[in-house]
Amino acid sequence: MHRVLGERDLSAVDGDLARRLLTEMVRARVFDERAFALQRQGWMSGYPPFRGQEASQVGAAAAMTDDDWLVPTYRSNAAQLTRGVPMADILRFRRGYPEFGSDHDLPTLPQAVPIASQIPHAVGVGMAATYRETDEAALCYFGDGATSEGDFHEGLNFAGVFEAPVVFFCENNGWAISTPESMQTASDSIAEKADAYGIEGVRVDGNDPLATYEVVTEALSMAREGRPVLVESLTYRQGPHTTSDDPERYADRESFPEWRTADPIERFESALSEADAIDEGFVDGVRETAEEAFAAAKRDAETADANRDPEALFASVYETAPPSFDAQRRELNEWLERHGDPYENE
Ligand SMILES: Cc1ncc(C[n+]2csc(CCOP(=O)(O)OP(=O)(O)O)c2C)c(N)n1
Ligand SMILES: [Mg+2]
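Residues numbered from 1 in each chain as written. Chains lettered and ligands numbered in written order. Predicted model: local features only at pLDDT ≥ 70, side-chain atom pairs only at ≥ 80, totals over all residues. Heavy atoms only, no water.

**What about the domain arrangement of the protein chain?**
Here is step 1 of the chain: What the domain assignment reports for the protein chain is domain 1 (10-308) and domain 2 (320-346).
Here is step 2 of the chain: Each of domain 1 and domain 2 has a C-alpha centre, and these two points are 32 Å apart. (Domains from an automatic or database assignment.)

Structure follows, in structure tokens:
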């Protein structure tokens, strides 16, 4: 298990990096709290909170270079924010807009909702980078539950055979909705599954942002040399699966070790404070700025309501669309003509 906090003298750690990671984690936490509250007010139909997974997501995303591809899931909002995806884009997406409508041109795929479907996509992105002889790599996020899907096995197998520059970043947050990790696999770890595909597997303390940063930095550089890596980031989903879930009915937090369920932001903040790497008001200052940014992003997302274009769903998918895709486009347009825009009368 790779760890930094509590095992290394933090005075040797790069202070700018540590402050950047803490800043991104706090910004992501504010986003998560505010988005959750907006869903409760009916502002969007559902929201999957990532509370507890900030160190895991931010540390890994911060390790990417500007040209690397982020391949996120519905829960990887903190990774997207760290990558530079505007808050308003994520809010618009959750309010029912296709993510393709975004202004940014960062190399990121849209959030995948069908479990593990993004894993073969990430391998395709990696293989394309190899064919084009670029130095790009893909960082693919997915959950512990995704490792039971065929797409996971097919993707890792392909990556191993074709030496694709991909880092498979499995956030093991203890649960796939109500299925505990103990029911997900009979293997001792998810990381060891890498052996079956001839690639490297590593476990990291996912509540330690410096550890996830170090592990993913090294994994991305191995991937660039044609050595894909499976990283298992051990973390914990502190909240419900989504705003429609009631974890009180199944979650037994006590059966997980304390380091796994501990809050990653409190833990990092106190470590940095002890190492004199941050001033007393540091986190409050970041919070305040993030609250303002969120309020502006919400206004932006609401302004976009007037410009909603369902056609945008079909943009950016194929250069030359197959007939089945055009048929889907016609079907949607006919449906809209008959029923109108379901959001229009909100
Ligand atoms: C192919 C597919 N099957 C089932 C679902 C329903 N579903 C949504 S989330 C989820 C659990 C996923 O758990 P995990 O991979 O651990 O990710 P986490 O939600 O914990 O981040 C399931 C089964 C789905 N979205 N896609
Ligand atoms: Mg999970």
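Now that the structure has been shown, the text picks up again.
**Section: the pattern of salt bridges**
Here is step 1 of the chain: If you walk through the whole model with that rule in mind, you get 20 salt bridges.
Here is step 2 of the chain: Residue R19 is joined to D16 by a salt bridge in which the shortest nitrogen-to-oxygen separation is 3.0 Å. Of the two residues, R19 and D16 both sit in helix α1 (residues 15-40), three residues apart, roughly one turn of that helix.
Here is step 3 of the chain: Judged by its relative accessible area of 56%, D16 is exposed.
Here is step 4 of the chain: Residues joined by salt bridges that share partners form a network here, namely E33, R34, R51, R287 and E291. (Salt bridge = Lys/Arg side-chain N within 4 Å of Asp/Glu carboxyl O. Helix = DSSP H or I, 4+ residues; strand = E, 2+ residues; numbered from the N terminus. Buried < 20%, exposed > 50% of the residue type's maximum accessible area, 1.4 Å probe, protein only.)

**Overview of the pairing of strand β2 (residues 138-143)**
Here is step 1 of the chain: Within β2, five of the six residues are buried, which leaves the element mostly enclosed by the surrounding structure.
Here is step 2 of the chain: In this sheet, β2 lies alongside strand β1 (residues 69-71) in parallel orientation, the contact comprising three bridges. Within β2, the position partnered with V71 by the bridge is C140.
Here is step 3 of the chain: One ladder, built from six bridges, connects β2 with strand β3 (residues 166-172); its direction is parallel. Residue pairing for β3: A138 is matched across the bridge by V166.
Here is step 4 of the chain: Considered for its hand, the β-α-β crossover made up of β2, helix α6 (residues 150-162) and β3 is right-handed. (Pairing = 2+ DSSP bridges. Right-handed = clockwise from strand over helix to strand, strands pointing away.)

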